[in-house]
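Inside the fold
Here is what each chain is made of, one letter per residue.
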Amino acid sequence: RQDFKVADLSLAEFGRKEITLAEHEMPGLMSIRKEYAEAQPLAGARVTGSLHMTVQTAVLIETLVALGAEVRWASCNIFSTQDHAAAAIAVGPNGTPDNPQGVPVFAWKGETLDEYWWCTEQALTWPNSPTGGPNMILDDGGDATLLVHKGVEYEKDGKVPSPDTAENDEHRVILELLNRTISDGSQKWTQLASEIRGVTEETTTGVHRLYEMQRDGVLLFPAINVNDAVTKSKFDNKYGCRHSLVDGINRATDVLIGGKTAVVCGYGDVGKGCAESLRGQGARVIVTEIDPICALQAAMDGYQVTTLDEVVDKADIFVTTTGNKDIIMAADMAKMKHQAIVGNIGHFDNEIDMAGLAQIPGIVKDEVKPQVHTWTFPDGKKIIVLSEGRLLNLGNATGHPSFVMSNSFADQTLAQIELFTKPDEYPTGVYVLPKHLDEKVARLHLDSLGVKLTQLRPEQASYIGVEVDGPFKSDHYRY
Ligand SMILES: NC(=O)c1ccc[n+]([C@@H]2O[C@H](COP(=O)([O-])OP(=O)(O)OC[C@H]3O[C@@H](n4cnc5c(N)ncnc54)[C@H](O)[C@@H]3O)[C@@H](O)[C@H]2O)c1
Ligand SMILES: O=C(Nc1ccc2nc(N3CCOCC3)sc2c1)c1ccc(CN2C(=O)C=NC2=O)cc1
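As a starting point, this report considers the structure included with it. (Residues numbered from 1 in each chain as written. Chains lettered and ligands numbered in written order. Predicted model: local features only at pLDDT ≥ 70, side-chain atom pairs only at ≥ 80, totals over all residues. Heavy atoms only, no water.)

A look at the side chain of T261
This is how it is decided: A run of DSSP states H or I qualifies as a helix once it reaches four residues; a run of E qualifies as a strand once it reaches two. Both are numbered from the N-terminal end. Note on definitions: a residue-residue contact is assigned when non-hydrogen atoms from the two residues lie within 4.5 Å.
Among the structural elements, T261 can be located in strand β7 (residues 261–265). Discounting residues that sit within four places of it in the chain, T261 has contacts with R284, I286, K314, A315, D316 and I317.

Observations regarding the site of ligand 2
Cut-off, in case you're wondering: Neighbouring residues are identified by heavy atoms, a residue being near a molecule or strand if any of them is within 4 Å of it. Polar contacts, as used here, are pairs of N or O atoms within 3.5 Å; protein pairs need one atom able to donate a hydrogen and one able to accept it. Residues neighboring in sequence count only if both atoms are side-chain atoms. Under the convention used here, a 1.4 Å probe and the Shrake-Rupley method define accessible areas, while residue burial counts only the protein chains that appear. Just so you know the grouping, Ala, Val, Leu, Ile, Met, Phe, Trp, Tyr, Cys and Pro go in nonpolar, Asp, Glu, Lys and Arg go in charged, and all remaining residues, Gly too, go in polar.
Surrounding ligand 2, one finds 16 residues, the nearest of these being H52, T54, Q56, R390 and H400. Taking T57, its side chain carries an N or O atom lying 3.4 Å from an oxygen atom of ligand 2. One of the backbone N or O atoms of H400 is found 2.7 Å from an oxygen atom in ligand 2. Taken by itself ligand 2 offers 660 Å² of open surface, and the protein chains cover 78% of this. For the shell around ligand 2, the secondary structure elements donating two or more residues are α3 (55–66) and α17 (402–421). Partitioned by chemical class, the residues of the shell around ligand 2 number 4 nonpolar, 10 polar and 2 charged.

Considerations on helix α6 (residues 143–157)
Rules: A helix is expected to reach a length of 1.5 Å times the quantity of its residues less one. Under the scheme applied here, a residue whose accessible area is under 20% of the maximum for its type counts as buried, over 50% as exposed, and between as partly exposed, the area being computed with a 1.4 Å probe on protein chains only.
The end-to-end C-alpha distance of α6, which contains 15 residues, comes to 21 Å, matching closely the 21 Å that a straight helix rising 1.5 Å per residue would cover. All of the buried residues in α6 are D143, A144, T145, L147, V148, H149, G151, V152, Y154 and E155. Just downstream of α6 lies G158, where phi reads positive at about 80°.

As for the site of ligand 1
Taken together, 22 residues lie around ligand 1, and N237, V270, E289, I345 and N393 are the ones closest in. One of the backbone N or O atoms of V270 is found 2.9 Å from an oxygen atom in ligand 1. Measuring from an oxygen atom of ligand 1, one finds a side-chain N or O atom of H400 at 3.2 Å. Protein chains shield 75% of the accessible area of ligand 1, which is 860 Å² for the free molecule.

Some details on the side chain of S408
Assignment of secondary structure puts S408 in helix α17. The residues touching S408, leaving out its near neighbours within four places in the chain, are E202, V226, T231, K232 and D236.

A closer look at unusual backbone geometry
Among all residues except glycine, the phi angle is most often negative; among peptide bonds, the trans geometry is most common. That bond from G470 to P471 is cis: its omega, -5°, falls within 30 degrees of zero. Mapped onto the fold, P471 is located in the segment after α19 (458–464). The phi dihedral of D254 falls on the positive side, at around 55°, and the residue is not glycine. The exposure class assigned to D254 is exposed, which follows from its relative accessible area of 65%.

Observations regarding α17
Here α17 spans 27 Å end to end across 20 residues, near enough to the 28 Å set by a 1.5 Å rise per residue. Summarising burial for α17: 19 of the 20 residues are buried, a large majority.

Topic: the sheet that holds strand β4 (residues 136–139)
We count it as follows: In this description, strands pair whenever DSSP reports at least two bridges between them. Working convention: axes come from line fits to C-alpha atoms, limited for helices to the stretch in contact. Angles between N-to-C directions cover 0 to 180 degrees.
An order of β3-β2-β1-β4-β5-β6-β15 is seen for the 7 strands of this open sheet, with the pairing classed as parallel. Only two strands of the sheet have a single partner each, and these edge strands are β3 (105–106) and β15 (430–432). Here strand β1 (residues 46–50) pairs with strand β2 (residues 70–74) via 5 bridges, running parallel. By the bridge assignment for β2, V47 is matched with V71. Packed onto the sheet, α6 meets β1, β4 and β5 (199–201) and runs at close to 135° relative to β4.

Remarks on the sheet that holds strand β9 (residues 304–305)
Backbone-to-backbone hydrogen bonds join strands into a sheet, with any given pair of strands oriented parallel or antiparallel. Taken in spatial order, the 8 strands make up an open sheet running β9-β8-β7-β10-β11-β14-β13-β12, and their pairing is mixed. The open sheet has two edge strands, β9 and β12 (364–369), and neither has a second partner. Here strand β13 (residues 372–376) runs beside strand β14 (residues 382–386); their pairing, made up of 5 bridges, is antiparallel. Residue pairing across strands places T376 opposite K382, the latter belonging to β14. Its contacts with the sheet put helix α10 (residues 230–253) on β10 (317–320), β11 (340–344), β12, β13 and β14, and the angle it makes with β14 is roughly 130°.

Read these as layout, nothing more, since geometry by itself doesn't imply function.
Printed below as a string of structure tokens:
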């Protein structure tokens, strides 16, 4: 029986070529492989991963394996798997599609909800493990951690709520899965959870869930909040979006950005990256903000800062980056110029009022190509909406570049080593990555950019109250 499930093994060769190219752009992970190859710090680790199965994630997986870990993987989003990356992981660097020798991976683009949770369960179920499960989780959004915790909770109660009580489809699927796996009285999930030394969490959503479980006293094992590492969030948010916003707009529209007027709603990390990249293309960038400090920053950075109302009928490109909802409403879009471009790179899918747009009498939606639609108003004026209001850098491009993910995934790898090798230092709770490791991740990326770091001299170190080799900043320093 094959211990993997992917869309098409014949894509493995293509996946391997892209993984090899990505390795060159992920110096942080490749340096970690070299540094720890001998020590094998993850020997004995059984890591269950629930994180977008992409080319970059494949490099992360093979780094964990290079450090001694056994790994089982599922994606954390039903659409985010790159099938060629999943195939390459299943086949492995030394295998062939006829003789796969890779990592057990359960992921394909376009999973149903039932399939998604089946994949997550497969990644959590270890055939040759004494507990039947992992001893480490690497999570993105918290679904793997959730399944384990709900399983243990319902086994303690001796019963699972009826799927009829489910709040939504996803909740129903989870209850059906747990009903199926708990009915035999095997205490599967309690057994499975018993040896988990910890979880490392990639994103804000998953971190929020962890802090809630800690607050409610139900957290079963320690967690490292990787999201708030400076070398993760600053790079994801500012430099990742600075690259992938324009990538998405270009792939979607091929419009010349130079000379156009662009509105960036929000001037946080993501907005700063987006404004800079649009300005870099020669656009005149206007910022909208609610926060006087961020508004002042935008003004100091030379941007006009005004309200959407003031410019909605004049600008050519609109990008939302706020993490808030209802930023661009249907009434705003009705006022926009002919063929104005509207896209979101901030929160899921509620920054742009797509529901309101669809309800305008006589509006006509037309697909130009996947993830690019025109919406024609009754007066004939049309606007171009990207990714149907969802994250345009993912729907119209390929997310963040490998170098950005190298920072985030180096944080993940060091966090895995921390929790796996120093269990006594991490009693159950939620931690951030120690700053010296955050700085280490940055250090690992300097050589490849030709950076020469200045060495602090002892008298200087004592003068500013830090150690010669860092940490160089206090925990509350805002980079
Ligand atoms: N697409 C991606 O690849 C990607 C990557 C990283 C983060 N994100 C998401 O982008 C969002 C923003 O992330 P961030 O790190 O920049 O957050 P942030 O909090 O630093 O910035 C958001 C900014 O929007 C402003 N804002 C809020 N409501 C507003 C409104 N009504 N009008 C104008 N401005 C408003 C806030 O004052 C804040 O300055 C989050 O949802 C984050 O999850 C997406
Ligand atoms: O979410 C991601 N990707 C994604 C891709 C396509 C897609 N298509 C969708 N739909 C919606 C319904 O209609 C059909 C189309 S949703 C969706 C999501 C995603 C996030 C972070 C990283 C992290 N990352 C990078 O950024 C680069 N490498 C990474 O691992 C990846 C993907």
